[in-house]
Amino acid sequence: MQTETVLSVKDMTKHFGPIKAVNGVSFEVKKGEILGLIGPNGSGKSTLFNCILGQLAPSSGTVQINGKSVAGAQAHDLNRLGVGRTFQQLSVFPQMSVIENIIMAGQEHHGTMFTRLFGKSDAGLTGAAEDMIEFFRLGHLRDEMAGSLSYGQQKLLDAAMAFMAGPGLVLLDEPAGGVNLTMLQYLKERLITYNREHGTTFVVIEHNMEFVMSLCTRIIVLAEGEIIAEGAPEDIRANQNVIDAYLGG
Amino acid sequence: MAELLQILISGLSSGAIYALAAVGFTLLWQASQTINFAQGEFVMLPAFFVLAGMTLFGLPLWAAILTAFVLSIVILGAMFKKLVVEPMLPHGTMPLVIATIALGLLMKESVKEFYSAQGQPFPSLFPQHVMNVFGASVSVQDLCNLAVAFAAIIALQLFLQRTRTGRAMQATAQDPRVAEILGVDVKRMVMYTFLINGALAAIASILISPVYLAKFSNGETLGMIAFIAAIVGGFNQIRGALVGGLLIGVLDNLAAVYISAEYRTAIPLILLIVIIMVRPQGIMGTSEGRTV
Amino acid sequence: MTAFRILFLITFSVALLFAPIGQSNYIIYILCSWLIFSISAMGLNLTLGYAGQISLAQAAFMGIGAYVTALLTMAGMHWLVAVFCSISATFLIGLALGYPALRVQHHFLAFVTLAFNALVFLVLRNEEWLTGGSLGLVGIPRPVFGPFDTMKQLPFYYFTVVCFLVTAGAMAWMLHSPWGRAFKALRENPIRANSLGLNTTRMTLLAFAIGSSMAGLAGALQAPLVQFIEPGSFTLILSLKILLMVIVGGSGYFFGPILGAALVVLLPEMLRFTDGYYLIIYALLVLVVMIFSPQGLLGLGRKLLIAMKPRKERGDLKQGAQL
């Protein structure tokens, strides 16, 4: 069966002066996959992530999303192309309520500049937003200020915001960072459910090995800016290169 | 030709003084992300320390200058850092910008109310006579100002590059977190930067006041020119601020002679807008990739 | 909260209606001045409190608005035509000025507007054929709407009140729409807003241009109020005063700039006994507000309110923490 390629990265290279943070990385992600990007600190995964998202200009290489090159695209252009993302640090709008946060995450995809000024004040999104917070079981916090939520709840809200516009591809930047064990299980279960229900493709950067191994369908390991291993979680676990990279690094 | 040389030299001379203010401005920005809107008033004030020292306390010129120098470092350096910048940094750059605007206003109005609203003659450190160089009449004062300002900038550059403290300050400016890991006392380095800015402001003040009279409103133009010089030069390097300052000094003098005197002050402003539109990284700056 | 709000709005409107009754012309003039500066400060609040940008050219935009209206009405056009031109001109100039600055780096707008304010002053002073130079323009007519002539102070006050209420209403509408949400998002976390599909540069630029056009409107009211304008009325110091109104009142709060404008317009009256020192007192006041409550007076009020409220939602948070 032929599945379509959602994200394709070719020969991505990024130098910082003499340092090659990312060096000739190429990979593809198919529709519905959950791809993990792992590697020791300084292996270049964050740089790679930022290059894909247009936050950093790559020294060379191309990024294609659904077969279209996105060179020079800004973050909001990418988002309109159906790319959602979460952030490593907490990234909600702290002085806005939970429901407002979620509506904000969807409103730029509805209507035009004109209807957003003269149309409904919720852009017709209240129902969809309530469904989304219900899905992440934040319903009881609907009208709380996002900034008053616990760390884990804000992480969930961050994820919910990334999904609100119905993206085909979501890039998750260390979703497990600083989240407690119970919450982690819950987050993983929600992500897998969402993936099954909507066929959304995920690319996940993560330090937490257990989390990545149990969440992802495929894993790419980076070390010193290059791909040193690629495969199913169980193959990665047994791969000697990977063990060396982590223990040696 | 002779006229052009004359304009060039007096332009470079005032430009070098602008550069002192611009360099200080850039240093503060690098070290603590402080955009000092009071920088012009920082240059205006030390001259009044000197005048107050001479008229109120009867000090001889040299002693008054020395006192003003120390006062500038303490008040415009240390106290500014401790009392204004430090309590406000946790709230982000916006309140600090507004606070420095208010501080500038406070300094300006205080001088106006408590000293004088009139421009005050300021004793010159250098002989006033005019030399003849290749047919151009060049003021000795201009040449001396140029020399002193350049000496100050070169000394600063040497300090930053050759000494251990200087290099630690540069590391702090580039990335405070990395500097901290390398064992640099980041807080102290930031404080040094503020002290240096106070000293640079004092030098600029003492050099420029004999030329333009010491007046409470001097800071308006000086501050603007310091910003513009810093932006023209790239906003993040000393070399750039120097080039920016010199360029504005020369352009300003050229404009006064060859373009209408009415729009003389508009030249740096137009330069600023053009630079931002055409080459936002500044003349000397390099463009960097966008970052998060 | 909503009931309280409605009650407050009604009280406020009624107070506006009755405030000038039996007052001297001078007091009415001060009240007009307050409303006009409230409009201008509300505009800057959009730029500063919502889009998070510092503009130091609000006075210059007021000046442009005032001169456009003055010249057109003195040439015989109706005020309504003139105010439309003032608003459009300041909006377009705002776009043209903000675009290069915001495209590059966000803190550049402060510098560009600073320079712009100085440039506008030079043009107003030097182009005597158009602006009357440093002598300014004298004898600006006040608008007449059919039988309603604003030549007297009291009718002019009610005319100003109408303009103020219409502007405040439009502002409230905009802040309540998805645009308002986008402006708030821009202030809270621009990077996140950008990643959610918001074109942050365009939205910031719009906020700045709309804010500038509100200064244009304020200028168009200022010209017939004073009936005399000169370049010296629109210098950087006025920009700083408008900035002060927004900051002291509370940037990012709807009523912040209105409260701030009241304080700043009335302060010189109250501090008249201090003679020339009132600018010094201003400056000290701003420094103190910035150090103790960067959110302004309304921010301070809210902080106190929250501190006094008993906390009861802790149970909710506990349940969340277990998740």
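Residues numbered from 1 in each chain as written. Chains lettered and ligands numbered in written order. Predicted model: local features only at pLDDT ≥ 70, side-chain atom pairs only at ≥ 80, totals over all residues.

**Some thoughts on the overall build of chain C**
What counts, and what does not: Secondary structure elements follow DSSP: runs of H or I no shorter than four residues count as helices, runs of E no shorter than two count as strands, and numbering proceeds from the N terminus. With C-beta atoms placed from the backbone, a residue is buried if 20 or more other C-beta atoms are within 10 Å of its own, exposed if 12 or fewer are, and partly exposed between those counts. Any two residues are considered in contact once their C-beta atoms, placed from the backbone, lie within 7 Å.
Scanning chain C from N- to C-terminus turns up 15 helices and four strands. In terms of overall dimensions, chain C has C-alpha extents of about 75 × 50 × 45 Å along its principal axes. Evaluated residue by residue, chain C yields a buried proportion of 51% over its 323 residues. Within chain C, contacts between residues at least 6 apart in sequence are counted, and of these 76% link residues at least 24 apart.

**So, the overall build of chain A**
Quick note on the threshold: In this treatment the radius of gyration is a C-alpha quantity, and the globule benchmark scales as 2.2 Å times the residue count to the 0.38 power.
Within chain A, the secondary structure is distributed over 10 helices and 10 strands. For chain A, whose C-alpha radius of gyration is 18 Å, the value lies close to the compact-globule estimate of 18 Å for 249 residues. Overall, chain A is about 55 × 40 × 40 Å in size when its C-alpha atoms are taken along their principal axes. Summarising the internal contacts of chain A: among those between residues at least 6 apart in sequence, 65% fall at separations of at least 24.

**Some details on the interface of chain C and chain A**
Interfaces are frequently sized by the accessible area removed from exposure as the parts join. Rules: Residues are sorted three ways: Asp, Glu, Lys and Arg are charged, Ala, Val, Leu, Ile, Met, Phe, Trp, Tyr, Cys and Pro are nonpolar, and all the rest, Gly among them, are polar.
Contact with chain C, which involves 23 residues of that partner, is made by 33 residues of chain A. For the side of chain C that touches chain A, the secondary structure elements donating two or more residues are helix H7 (153-176), helix H8 (178-188), helix H9 (190-195) and helix H15 (314-322) of chain C. Counting residues per element, the side of chain C that touches chain A draws most heavily on H8 of chain C, which supplies six residues. Here the residues of the side of chain C that touches chain A sort into nine nonpolar, nine polar and five charged.

**Focus on the confidence of the model for chain A**
Inclusion rule: Along the chain, pLDDT gives the predictor's confidence residue by residue, from 0 to 100.
Put simply, chain A has an average pLDDT of 88, and 98% of its residues get 70 or more. For chain A, the element scoring lowest by mean pLDDT is helix H10 (residues 240-248) of chain A, at 77; helix H3 (residues 98-107) of chain A scores highest, at 94.

**With respect to the pairing of strand S10 (residues 226-231) of chain A**
All names here are of chain A. How we decide: Note: two strands are recorded as paired if DSSP finds a minimum of 2 bridges between them.
Examined bridge by bridge, strand S9 (residues 218-223) and S10 share five bridges and lie antiparallel to one another. Along S10, the bridge assignment pairs Val221 with Ala229. Linkage of S9 to S10, two consecutive antiparallel strands, is achieved through a turn of two residues, within which Glu224 is found at a positive phi near 45°.

**Thoughts on the confidence of the model for chain C**
Residue and element names in this part refer to chain C. Summarising the model, chain C shows a mean pLDDT of 88, and 93% of its residues fall at 70 or more. Looking at the elements of chain C, mean pLDDT is at its lowest for H15, recorded as 39, and at its highest for helix H3 (residues 58-74), recorded as 97. In this model, residues 312-323 is a region of pLDDT below 50 whose contacts with residues beyond four sequence positions or in other chains number 14 contacts. Predicted as a complex, the structure gets a pTM of 0.85 and an ipTM equal to 0.89.

**Focus: the sheet that holds S10 of chain A**
Residue and element names in this part refer to chain A. Defined as follows: Working convention: axes come from line fits to C-alpha atoms, limited for helices to the stretch in contact. Angles between N-to-C directions cover 0 to 180 degrees.
Here six strands make up an open sheet; going across it, the order is S6-S7-S8-S3-S9-S10 and the pairing mixed. The two strands at the open ends of the sheet, each matched to only one other strand, are strand S6 (83-85) and S10. Ignoring which end each strand starts from, the neighbouring axes of this sheet average 20° apart. Where strand S3 (residues 34-38) meets strand S8 (residues 201-205), four bridges bridge the pair, whose relative direction is parallel. Looking at the pairing, Ile34 lines up with Phe202 of S8. Sitting on the sheet, helix H1 (residues 45-52) touches S3, strand S7 (169-173), S8 and S9, and the angle it makes with S8 is about 140°.

**With respect to the packing of H3 of chain A against helix H6 (residues 151-163) of chain A**
Residue and element names in this part refer to chain A. Basically, it comes down to this: Angles below 35 degrees are treated as roughly parallel, those above 145 as roughly antiparallel, those between 65 and 115 as roughly perpendicular, and all remaining angles as oblique. In a left-handed crossing the near helix is turned counterclockwise from the far helix by less than a right angle, and in a right-handed crossing that turn is clockwise.
Where H3 contacts H6, the axes come no closer than 8 Å and their chain directions differ by 30°. Relative to H6, the element H3 lies roughly parallel. Crossing handedness for the pair H3 and H6: right-handed. Seen from H3, the contacting residues are Val98, Asn101, Ile102 and Ala105; seen from H6, they are Leu157, Ala160 and Met161.

**Concerning unusual backbone geometry**
Backbone geometry at Glu174 of chain A places phi at a positive 45°, although glycine is not the residue there. Considering the arrangement of structural elements, one finds Glu174 of chain A in the loop between S7 and helix H7 (181-198).

**Observations regarding the environment of Gln55 of chain A**
By the secondary structure assignment, Gln55 of chain A is in the loop between H1 and strand S4 (60-65). Through-space distance from the C-alpha of Gln55 of chain A to that of Val242 of chain A is 28 Å; in sequence the pair is 187 residues apart.

**Brief notes about the packing of helix H1 (residues 2-32) of chain B against helix H9 (residues 218-233) of chain B**
All names here are of chain B. At a minimum axis separation of 8 Å, H1 and H9 run at an interaxial angle of 70°. Judged by the angle between their axes, H1 and H9 are roughly perpendicular. The element H1 and its partner H9 pack so that their crossing is right-handed. Touching Tyr18, Ala19, Ala21, Ala22, Phe25 and Thr26 of H1 are Leu222, Ile225, Ala226, Phe227, Ala229, Ala230 and Gly233, all from H9. Classifying every residue of the contact of H1 with H9 gives 11 nonpolar, two polar and no charged.

**Digging into the sheet that holds S4 of chain A**
All names here are of chain A. One open sheet holds the four strands; their spatial order is S2-S1-S4-S5, and the pairing between them is antiparallel. The outermost strands of the open sheet, each flanked by one partner alone, are strand S2 (19-30) and strand S5 (68-69). For S4 and S5, the ladder comprises two bridges, and the chain directions are antiparallel. Each residue of the ladder has a partner; that of Ile65, found in S5, is Lys68.

**Here's the deal with the nonpolar core**
Generally speaking, soluble globular proteins have nonpolar side chains that are buried together. The test is simple: Residues of type Ala, Val, Leu, Ile, Met, Phe, Trp, Tyr and Cys that are buried and joined through C-beta atoms within 7 Å form what is called a nonpolar core.
Among the nonpolar cores identified, the biggest contains 274 residues, and Ile102, Ala160 and Val204 of chain A, Ala19, Leu20 and Ala229 of chain B together with Val286 of chain C are the most heavily contacted of them. Looking at this core, the element that brings in the most residues is helix H10 (residues 200-226) of chain C, giving 15 residues. Among residues more than four places away in sequence, those in contact with Leu20 of chain B are Ala149, Ala152, Ile153, Leu200, Ile203 and Ala204 of chain B.

**Let's talk about H8 of chain C**
Residues three or four positions apart in an α-helix share a direction because the helix packs 3.6 residues into each turn. Along H8 of chain C, 10 of the 11 residues are buried, which leaves the element largely enclosed by surrounding structure. Among all positions of H8 of chain C, only Pro178, Trp179, Arg181, Ala182, Phe183, Lys184, Ala185, Leu186, Arg187 and Glu188 of chain C are buried. On the buried face of H8 of chain C, the contacting elements are H3 and helix H4 (113-118) of chain A together with helix H2 (25-50), H7, H9 and H10 of chain C.

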